[in-house]
Amino acid sequence: MEETQSFVPLLIVVALAFVVPVILTRFKRLRLPVVVGEILAGIIIGDSGLGLVGHEPILEMLALLGFAFLMFLSGLEVDFDAILPRPGVWLGSWKERMSNPLALGIVAFALTVCFSVVAGFGLQGLDAADDPWLAALILSTTSLGLVMPVLKERGLTAGPYGQALLVTAVIADFVTMLLVSVYAVVRIEGLSPQVLLVLLLFGAFGTAYRLARLAFRRFPGLALDQWLSGGTVQMDVRGAFLVGLAFIALAQGLGAEMILGAFLAGS
């Protein structure tokens, strides 16, 4: 007889997702972001704590979809008009160049990689790491899934400071993810044409982005779109899910990380 899936672990997780923000609002002096409180609550009820919630199939599936959706929303928050350099900005002073969020993010990531390489070789000298380059890549990464909710909660995503932090987190998260994937493939299988397949994902993103901007300029007031987006049809929501899953499936087929496809879809 087939075992029935229990919804009790899901109930516990959803209940904590409701209770944790309420508790944190009562203790504003802690200035603890909600996402950090949720992580701590997850540690308490998980395998490292009370063991109330384990690796349930329903939770693993929802966690995968939830993380993909979070990366999709992170892509939505990227303002390309704000991060892309203005014409002639590279001809200005150093201060004007660094005022661009993209330039600031690249410099911050480059400094992080330099310090991480030094730390990686230091860990190798202490026999704490076998591969200093892999250790450096691991130390260089960050969690966009943690940075994004904090910026959103503080209302910083629309300003230049928030965009700079968001772009820096995006670069650190996805560049290191790509480098680790490529490094692992090259080390195990050697140089292979399959490594270049990841570039097709960015090619699809560039094509879709240009087509979307072209359609937005050519059909700014399309009555059919306005009608379908209202009421019970909600074509904009359906289209968002379609684009997100299309890029996720494409990333999976090309051997790239699923969350990279979700982020590009949101962008």
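Just so it is clear, the structure is predicted and the values come from calculations on it, not from any experiment.

A. Representation of the overall build of the protein chain within the structure. Per the secondary structure count, the protein chain includes 13 helices and zero strands. Mapped from its N terminus to its C terminus, the protein chain presents α and β elements in the order α-α-α-α-α-α-α-α-α-α-α-α-α. Counting only residues that meet the buried cut, the protein chain has 29% of its 267 residues in that class. In the protein chain, the share of contacts with a sequence separation of at least 24, taken over all contacts with a separation of at least 6, comes to 65%. In the structure as shown, the protein chain presents an accessible area of about 17,400 Å², 70% of it carried by carbon and sulfur atoms.

B. Structural view of a nonpolar patch on the surface. The grouping of F18, V19, V22, I23, F27 and L30 at the surface amounts to a nonpolar patch, some 600 Å² of accessible area in total. Along the chain, F18 falls in helix α1 (residues 8-26).

C. Geometry of the nonpolar core. Counting 27 residues, the largest nonpolar core has M71, L144, L166, F174, L201, F263 and L264 as its most contacted members. Listing elements by their share of this core, those giving two or more residues are α3 (57-77), α8 (144-154), α9 (160-189), α10 (198-218), α12 (235-254) and α13 (258-266). Sort the elements by how many residues they give to this core and α13 lands first, with seven residues. Among all residues touching L201, those that are not within four sequence positions of it are F247, L250, A251, L254, A256, L260, G261 and L264. Among the nonpolar cores identified, the runner-up in size contains five residues, and L10, I45, I58 and L59 belong to it.

D. Region of the structure containing the side chain of S140. When you line up the elements, S140 lands in helix α7 (residues 132-140). For S140, a relative accessible area of 3% corresponds to the buried category. Separated by 3.1 Å, the side chains of S140 and S116 make a polar contact. Apart from the residues within four sequence positions on either side, S140 is in contact with F109, T112, V113, S116, A172 and T176.

E. Expanded view of the packing of helix α6 (residues 101-125) against α7. Their axes nearest at 7 Å, the elements α6 and α7 cross at an angle of 135 degrees. Classed by the angle they form, the pair α6 and α7 counts as oblique. When the axes of α6 and α7 are compared, the crossing they make is right-handed. Residue-level contacts link F109, T112, V113, S116, V117, A119, G120, F121, L123 and Q124 of α6 to P132, W133, A135, A136, L139 and S140 of α7. Across the contact of α6 with α7, the residue classes break down as 11 nonpolar, five polar and no charged.

F. Seen up close, the packing of α10 against α13. Axis separation between α10 and α13 bottoms out at 10 Å; the angle between their running directions is 15 degrees. When the interaxial angle is binned, α10 and α13 end up roughly parallel. Of the two possible hands of crossing, α10 and α13 adopt the one that is right-handed. Within the contact between the two elements, α10 uses L201, F202 and F205 and α13 uses L260, G261 and L264.

G. How the structure looks around the environment of W133. Among the secondary structure elements, W133 is positioned in helix α7. Separated by 13 residues in the primary sequence, W133 and G120 place their C-alpha atoms 6.5 Å from one another. If near-sequence neighbours (up to four positions away) are discounted, W133 is found in contact with V117, F121 and Y183.

H. Seen up close, the side chain of S116. Locating S116 in the fold gives a position in helix α6. If near-sequence neighbours (up to four positions away) are discounted, S116 is found in contact with A136, L139 and S140.

I. Structural context of α6. With 25 residues, α6 should cover 36 Å at 1.5 Å per step; its first-to-last C-alpha distance of 36 Å lies within 8% of that length. Count one or two residues on from α6 and you reach D127, which has phi positive near 60 degrees.

J. Just α13, in detail. Judged by how many residues are buried, α13 sits mostly within the fold: nine of nine residues are covered. Turning to α13, its buried residues are M258, I259, L260, G261, A262, F263, L264, A265 and G266.

K. The arrangement of the packing of aromatic side chains in detail. Inspection of every chain in the model, using the stated rule, returns four aromatic pairs. A centroid spacing of 6.4 Å and a plane angle of 15 degrees characterise the contact between F69 and F72, whose relative ring orientation is stacked. A residue pair is termed a helical-turn pair when its members lie 3 or 4 positions apart in one helix, as F69 and F72 do in helix α3 at three residues. The partly exposed category is assigned to F69, whose relative accessible area is 41%. Judged by relative accessible area, which is 12%, F72 ranks as buried. Through a chain of ring-to-ring contacts, three or more aromatic side chains come together here, namely F69, F72 and F241.

Calculation notes
Residues numbered from 1 in each chain as written. Predicted model: local features only at pLDDT ≥ 70, side-chain atom pairs only at ≥ 80, totals over all residues. Heavy atoms only, no water. Helix = DSSP H or I, 4+ residues; strand = E, 2+ residues; numbered from the N terminus. Buried < 20%, exposed > 50% of the residue type's maximum accessible area, 1.4 Å probe, protein only. Contact = heavy atoms within 4.5 Å. Areas by Shrake-Rupley, 256 points an atom, 1.4 Å probe, with all protein chains shown as cover. Patch = residues over 30% accessible without salt bridge, like charges linked within 9 Å, V, L, I, M, F, W, Y side chains within 5 Å. Salt bridge = Lys/Arg side-chain N within 4 Å of Asp/Glu carboxyl O. Core = buried A, V, L, I, M, F, W, Y, C linked by side-chain atoms within 4.5 Å. Polar contact = N/O pair within 3.5 Å; in protein donor to acceptor, adjacent residues only side chain to side chain. Axes fitted to C-alpha atoms, helices over the stretch in contact; angles between N-to-C directions. Parallel < 35°, antiparallel > 145°, perpendicular 65-115°, else oblique. Left-handed = near helix turned anticlockwise from the far one by under 90°. Nonpolar A, V, L, I, M, F, W, Y, C, P; charged D, E, K, R; others polar. Expected span 1.5 Å × (residues − 1). Phe/Tyr/Trp six-rings, centres within 6.5 Å; stacked < 30°, edge-to-face > 60°.

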